[in-house]
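A look at the structure
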Amino acid sequence: MTIDEIVNEMSVGDHDPIHNCRIEKDALLRIMRLSATIGITIEELVSREHSRSDEQVNAYGLTPMGALLQTKQVTGQLSLASCVQHWTEAPLWNSWLHLPDYIIGEGVTDQPHLPFDRANGMSSDEYYGHDKGSLKIANEFVRTISDGEISAIVEGFEWRTLSGKTIVDVGGHNGIVIGAVAHKYPNIECICLDLPEVVASAAKPPPGVKLVGGDIMDPTSVPKCDAIFMKHILDKSMWDEEESVALLRSCHVALPRDGKVILGEAVLPNVGTEGGSMQLFMDVQFLLVGREGQRTESEWTDLARKAGFKIESINRTSSASCYIIVLTKAEA
């Protein structure tokens, strides 16, 4: 598309039109040229339409990476636009400016402490509670991440090894995540365990999923099973280390000798390990709003050991926020 065609699309497209805005074509051209240098677009010269001369103008198309940033819904095309919109929207973007003062502890006594609080004059919960526009963007971000994690979980573990067996999804509300597993692997008996009050108010579970009320901290309330699955249940923001160990020990009691715990969790790279830039970036995003840091592979290994488990495998998936960690009982 030429700059004129892009401007026309911006003015009359099926998204919110900007009829009353004066679009700066020169600024748009310069930004598009920059986007081509970082792999978002491809740039070429084309003949100007309806021109009698040989004049050529710049034209742009999306690269595969650029296609990921489309806000339009394209069938079969993943979109990460909501992630970029959320991360670069003023509430979070401006929080980065206050990170240096937060780190050195400057101004702790006379202004809000966390970077997000300093930038916005209130906590993230308060901000998104009253700003509906930002809340919509944040919710779209969460939905994008959640949908991606469900797909990653289904594809990131050899669930067929549990055919004919029973798996309990702990804290899965109405069983949406384990329901995706049940849909693809109907030979697995899938149970979703959550607190009785949560189960009582939960929506109807997906086909192949049974809802059961109970408490993972009470192993006697856990249905008989061959494996326990948990997605982001062991996040540091939910439990301290001692509570996390107690939760896993309860799983240890509830499982048979050859039982497994399958976790869907974030994993940060160990020191000296290549890669993991996206995981570390997301971890610092959590820092801005005051969430606890994620565990490294070594920290997951240590947590498992304290609860009587060993790490069988840690598998990277298509989701940066959801690795598959498989625990088995350590030999006595």
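Data block above holds the structure.
Residues numbered from 1 in each chain as written. Predicted model: local features only at pLDDT ≥ 70, side-chain atom pairs only at ≥ 80, totals over all residues. Heavy atoms only, no water.

Some remarks on unusual backbone geometry
A positive phi is found at His-173, a non-glycine position, where the angle reads about 60°. Within the element layout of this structure, His-173 appears in the loop between β3 (166-170) and α10 (176-184). (Helix = DSSP H or I, 4+ residues; strand = E, 2+ residues; numbered from the N terminus.)

Re the sheet that holds strand β5 (residues 209-213)
Taken together, seven strands build an open sheet; the order of strands is β5-β4-β3-β6-β7-β9-β8 and the sheet is mixed. Two strands lie at the open edges of the sheet, namely β5 and β8 (309-315), each paired on one side alone. Pairs of neighbouring strands in the sheet enclose a mean axial angle of 25°, with direction left out of account. Alignment of strand β6 (residues 227-231) against strand β7 (residues 260-265), held across five bridges, turns out to be parallel. Paired with Ile-228 across the bridge in β7 is Val-261. (Pairing = 2+ DSSP bridges. Axes fitted to C-alpha atoms, helices over the stretch in contact; angles between N-to-C directions.)

Side note on the packing of aromatic side chains
Under the defined criterion, the tally for this structure stands at eight aromatic pairs. Measuring from centroid to centroid gives 5.1 Å for Trp-87 and Phe-281, while their planes differ by 75°, and the two rings are edge-to-face. Residue Trp-87 is located in helix α4 (residues 81-88), and its partner Phe-281 is located in helix α13 (residues 277-289); the two are separated by 194 residues in the primary sequence. Note on Trp-87: relative accessible area 15%, which makes it buried. (Phe/Tyr/Trp six-rings, centres within 6.5 Å; stacked < 30°, edge-to-face > 60°. Buried < 20%, exposed > 50% of the residue type's maximum accessible area, 1.4 Å probe, protein only.)

Details of a nonpolar patch on the surface
Residues Leu-69, Leu-78, Leu-80 and Val-84 make up a contiguous nonpolar surface patch of roughly 290 Å² in combined accessible area. With respect to the helices, strands and loops of the structure, Leu-80 is situated in the loop between α3 (64-67) and α4. Classification of Leu-80 as partly exposed rests on a relative accessible area of 31%. (Patch = residues over 30% accessible without salt bridge, like charges linked within 9 Å, V, L, I, M, F, W, Y side chains within 5 Å. Areas by Shrake-Rupley, 256 points an atom, 1.4 Å probe, with all protein chains shown as cover. Salt bridge = Lys/Arg side-chain N within 4 Å of Asp/Glu carboxyl O.)

Some details on the environment of Ser-319
Along the polypeptide, Ser-319 turns up in the loop between β8 and β9 (323-329). Along the backbone, Ser-319 and Ala-152 are 167 residues apart, and their C-alpha atoms lie at a distance of 5.9 Å. Residue contacts for Ser-319: discarding those within four places in its chain leaves Gly-148, Glu-149 and Ala-152. Only 3.1 Å separates the side chain of Ser-319 from the side chain of Ser-321, close enough to count as a polar contact. (Contact = heavy atoms within 4.5 Å. Polar contact = N/O pair within 3.5 Å; in protein donor to acceptor, adjacent residues only side chain to side chain.)

Side note on the pairing of β6
Counting buried residues along β6, five of its five residues qualify, which places the element largely inside the surrounding structure. Residues of β6 alternate between two faces, with Ala-227, Phe-229 and Lys-231 on one and Ile-228 and Met-230 on the opposite face, all of them buried. Sheet topology places β3 next to β6; four bridges connect them, and they run parallel. Bridge assignment links Val-168 to a residue of β6, and that residue is Ile-228. With respect to chirality, the unit in which β6 leads through helix α12 (residues 241-254) into the neighbouring parallel β7 is right-handed. (Right-handed = clockwise from strand over helix to strand, strands pointing away.)

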